[in-house]
Amino acid sequence: MQNFTLLIHCSDQKGIVAAVTNFIVKVEGNIIYLDQNVVVEQNVFFMRLECNLSNSKHTVASVKEEFSTTIATQFNMSWEFYNQDTKPRMALFVSKYTHCLYDILGRYSAGELNVEIPLIISNHDDLRPIAEQFNIPFYHVPFSKDNKIEGEKKQIELLDQYTINFIVLARYMQIITPKLISIYENKIINIHHSFLPAFPGAKPYHSAFKRGVKIIGATSHYVTEELDEGPIIEQDISRVSHVNSVDDFIMKGKDLERTVLARAIKLHSERKILIYCNKTVVFH
């Protein structure tokens, strides 16, 4: 039995759901999940469907090809088929912070994330022992304004070598190059240490503390060339007050970063996100 996920968005029209579900019946598939939404103001239809195929004469590849020439063409759809039996391959980019890396690798080892992690890339060598602890290849790729071209070239070579599907920046403290962003469009996930776009800079918790904020947050988003302006995937907050110190802010912030980034990875790897007009439609 083969399983696939279908993501669709197109102009809202009569008969889309009926056409798609009748197509699934035609290829002897069984729908196990279906959710859809319409943004009325923009007249855009979104749908996510999970299905299994019980007849061996219908494969994910053949169903994808037939869908492309029939339903997708008829409704002028933007769409993606994903084989659920193949785990996406995720590269981790890190610098020196450990909290997100440990959390991701712990969840990965426990089988909580539907991904493969073939390698970790870092602009420093500090976190190599953590990669070795989890038996994951670690590559130190120096990256700065002085060696940006060489660093980008090496990153892309490694990503190609390991057939990477998407990238997660687990507190990677360098700006991703436009070329890499173009290769992995809407496939690079970052964690930001605040509710975007508040309190930018190197010490956001100190800035928040000085302002006397009552909540702090974390935001996970896709990377675009506009720094910290990409489609938002997941956010969360924690309440704080005058009794909390800067250290309290940092501790709460790191907890938020861990959980928000893990949720974003899970949503992306399970194909629950559609991107439209620099925003996300997230199916839960």
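Coordinates for the structure precede this section.
Asks: Now, about the packing of helix H1 (residues 16–26) against helix H2 (residues 60–69): what can you tell me, with residues and values included?
Replies: Running from amino to carboxyl end, H1 crosses H2 at an angle of 140°, the nearest separation of the two axes being 12 Å. Relative to H2, H1 is oriented oblique. For the element pair H1 and H2, the recorded crossing hand is right-handed. Contacts between H1 and H2 involve Val 20, Phe 23 and Lys 26 from the former and Val 63, Glu 66 and Phe 67 from the latter.

Asks: Break down the environment of Thr 98 for me, with residues and values.
Replies: With respect to the element layout, Thr 98 can be found in the loop between strand E5 (89–94) and helix H4 (99–109). Measuring from C-alpha to C-alpha, the distance between Thr 98 and Glu 80 comes to 34 Å, with 18 residues separating the pair along the chain. If we skip the residues at most four places from it in the chain, Thr 98 touches Leu 127 and Ile 130.

Asks: Just give me the short version of helix H6 (residues 148–161), but keep the residues and values in it.
Replies: Helix length check: H6, at 14 residues, gives a terminal C-alpha distance of 20 Å against a target of 20 Å (1.5 Å per residue), a fit within 8%. Residue Thr 163 follows H6 closely and has a positive phi angle near 50°.

Asks: Explain the packing of aromatic side chains to me, and be specific about the residues and the numbers.
Replies: Overall, the coordinates contain 8 aromatic pairs when judged by the stated rule. Summarising the aromatic geometry, the rings of Phe 4 and Phe 81 are spaced 4.7 Å apart at their centres and angled 40° between planes, so their arrangement reads as tilted. Of this pair, Phe 4 sits in strand E1 (residues 2–11) while Phe 81 sits in strand E4 (residues 78–83), and the two are 77 residues apart along the sequence. An identical accessibility class is assigned to Phe 4 and Phe 81; each is buried. When the centroid spacing of 5.8 Å and the interplanar angle of 90° are considered together, the rings of Trp 79 and Phe 81 count as edge-to-face.

Asks: Describe in detail the sheet that holds strand E9 (residues 188–192), supporting the description with residues and values.
Replies: Pairing is mixed across the open sheet formed by 7 strands, whose spatial order is E7-E6-E5-E8-E9-E10-E11. In this open sheet, the two strands that pair with only one neighbour each are strand E7 (138–140) and strand E11 (232–239). Taken pair by pair, the neighbouring strands of this sheet meet at an average axis angle of 20°, ignoring direction. In the packing of H6 onto the sheet, the strands contacted are E5, strand E6 (116–122), E7 and strand E8 (166–169), and the crossing angle to E6 comes to about 170°. Those strands touched by helix H9 (residues 246–269) are E5, E8, E9, strand E10 (215–222) and E11, and its axis lies near 155° from that of E11.

What counts and what doesn't
Residues numbered from 1 in each chain as written. Predicted model: local features only at pLDDT ≥ 70, side-chain atom pairs only at ≥ 80, totals over all residues. Heavy atoms only, no water. Axes fitted to C-alpha atoms, helices over the stretch in contact; angles between N-to-C directions. Helix = DSSP H or I, 4+ residues; strand = E, 2+ residues; numbered from the N terminus. Parallel < 35°, antiparallel > 145°, perpendicular 65-115°, else oblique. Left-handed = near helix turned anticlockwise from the far one by under 90°. Contact = heavy atoms within 4.5 Å. Expected span 1.5 Å × (residues − 1). Phe/Tyr/Trp six-rings, centres within 6.5 Å; stacked < 30°, edge-to-face > 60°. Buried < 20%, exposed > 50% of the residue type's maximum accessible area, 1.4 Å probe, protein only. Pairing = 2+ DSSP bridges.

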